[in-house]
Amino acid sequence: MIESNRGHLLPVYVLADESGSMIHHIDDLNDGLRSLHQALLGEPMAAAKVRFSVLGFSDDVIERVHLVDLRGAGEFPLLTTRGMTSYATAFEDLITRIPADIQNLKAEGYQVHRPAVFFFSDGLPNRGEDWQSAHHRLTDRQSTLGAPNIIAVGIEDADAQIINAVATQPEFGFIVNKGVEVGDAIAKFCTALTRSVIASGRSLGSANPQLTVDKPEGFTVAIDVI
């Protein structure tokens, strides 16, 4: 049994699109998350400072992994494709989930840093859906305890303007470059996610803790085109 590390923690959430359009890519994403898990096992000092969740969203949100200590986690349950692409449902879920998680971690004696959400989608939100209101409440620090930093990553048919709007900072939005093979792009995203988690976890033990976001190879910052 792993001894609890009462100290600083960074909650990390992977919010992954499980809509039907992901059917040809979901296996690549599952493989990438499996590789992330294995890589973190080789970085126990960084992994000790991270609690990791995987959430799949479509018409609803299914919790695949809940705030695990990656040093002792078993194999991740698989993401699966289903339904449509409700960004609003995904953000509404986090509005209640994140404050509850933070309160539980604090009750266990941890100091909790602002969570990081890695949002991954291959398409557009449901037509006519007001996801922006939920996103605003989620990221408003006056409204939501632990309003997270959101790193948004889009592949395939994802729209750069929307991905940029989901990201909480311009440098946190990424869109796959034209001509990059999708499976390779997903692998690169998971590699960058792994490096980000390791670097951010290491940072929590320093005098200047910070969220480190590694730009995925084959992606560009999702800048709006005028």
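As a reminder, the structure under discussion sits directly above these lines.
Residues numbered from 1 in each chain as written. Predicted model: local features only at pLDDT ≥ 70, side-chain atom pairs only at ≥ 80, totals over all residues. Heavy atoms only, no water.

Enquirer: Can you walk me through the overall build of the protein in this structure?
Expert: Counting its secondary structure elements, the protein contains six helices and eight strands. Ordered by position in the sequence, the α and β elements of the protein form the string β-α-α-β-β-α-β-β-α-β-α-β-α-β. For 226 residues, the compact-globule formula gives about 17 Å, and the C-alpha radius of gyration of the protein, at 16 Å, lands near that figure. By its C-alpha atoms, the protein is 45 × 35 × 30 Å across when sized along the principal axes. Restricting the contact set of the protein to residue pairs at least 6 apart, pairs at least 24 apart contribute 75%. Per element, the accessible surface of the protein, about 10200 Å² overall, is 50% carbon and sulfur. In the protein, 18 side chains carry a positive charge and 29 a negative one; their mean positions are 7 Å apart. (Helix = DSSP H or I, 4+ residues; strand = E, 2+ residues; numbered from the N terminus. Rg over C-alpha atoms; globule rule 2.2 N^0.38 Å. Contact = heavy atoms within 4.5 Å. Areas by Shrake-Rupley, 256 points an atom, 1.4 Å probe, with all protein chains shown as cover. Lys, Arg positive; Asp, Glu negative; His and termini not counted. Charge placed at Lys NZ, Arg CZ, Asp CG, Glu CD.)

Enquirer: Which parts of the structure should I look at to understand the pattern of salt bridges?
Expert: When the charged atoms of two side chains lie near each other, side chains of opposite charge can form a pair. This model, assessed by the stated rule, comprises 13 salt bridges. In this structure, Asp69 engages Arg51 in a salt bridge whose closest nitrogen and oxygen atoms are separated by 3.7 Å. In this pair, Asp69 sits in the loop between strand 3 (61-68) and helix 3 (87-107) while Arg51 sits in strand 2 (residues 50-57), placing the two residues 18 residues apart along the sequence. Here the two residues Asp69 and Arg51 agree in accessibility, since each one is buried. What you see here is one network of salt bridges that share partners, running through Glu18, Asp60, Arg64 and Arg82. (Salt bridge = Lys/Arg side-chain N within 4 Å of Asp/Glu carboxyl O. Buried < 20%, exposed > 50% of the residue type's maximum accessible area, 1.4 Å probe, protein only.)

Enquirer: Looking at this model, I keep getting lost on the packing of aromatic side chains. Mind explaining?
Expert: Geometry of an aromatic ring pair is reported as the spacing of the ring centres plus the angle between the planes. Using the criterion set out here, one finds nine aromatic pairs in the structure. Taking the centre distance of 5.5 Å and the plane angle of 25 degrees together, the rings of Phe57 and Phe119 count as stacked. One end of the pair, Phe57, is in strand 2; the other, Phe119, is in strand 5 (residues 116-121), and 62 residues separate them in sequence. For Phe57, a relative accessible area of 0% puts it in the buried group. (Phe/Tyr/Trp six-rings, centres within 6.5 Å; stacked < 30°, edge-to-face > 60°.)

Enquirer: Where do I start with helix 6 (residues 182-203) in this structure?
Expert: Look at helix 6: 31 Å from first C-alpha to last across 22 residues, which is about the 32 Å you get at 1.5 Å a residue. Structurally, the start of helix 6 carries an N-cap: the backbone nitrogen of Gly183 is 3.0 Å from a side-chain oxygen of Glu181. (Expected span 1.5 Å × (residues − 1). Polar contact = N/O pair within 3.5 Å; in protein donor to acceptor, adjacent residues only side chain to side chain.)

Enquirer: Is there a simple way to think about helix 1 (residues 26-41) in this case?
Expert: The terminal C-alpha atoms of helix 1, which comprises 16 residues, lie 23 Å apart, in line with the 22 Å expected from a rise of 1.5 Å per residue. Every buried residue of helix 1 is accounted for by Ile26, Leu29, Asn30, Gly32, Leu33, Leu36, His37 and Leu40. For helix 1, the angular spread of the buried residues around the axis is 160 degrees, confining them to a single face. Considering only its buried residues, helix 1 is in contact with strand 1 (8-17), helix 2 (44-47), strand 2, strand 5 and helix 6. (Arc of directions from axis to C-beta.)

Enquirer: What should I look at first to understand the environment of Gly218 in this one?
Expert: Looking at where Gly218 falls in the secondary structure, it is placed in the loop between helix 6 and strand 8 (219-221). Placed 128 residues apart in sequence, Gly218 and Ala90 show a C-alpha to C-alpha distance of 26 Å. Sequence-distant contacts of Gly218, that is, excluding residues within four places in its chain, are made with Val176, Asn177 and Val180.

Geometric values such as these leave the question of function open.
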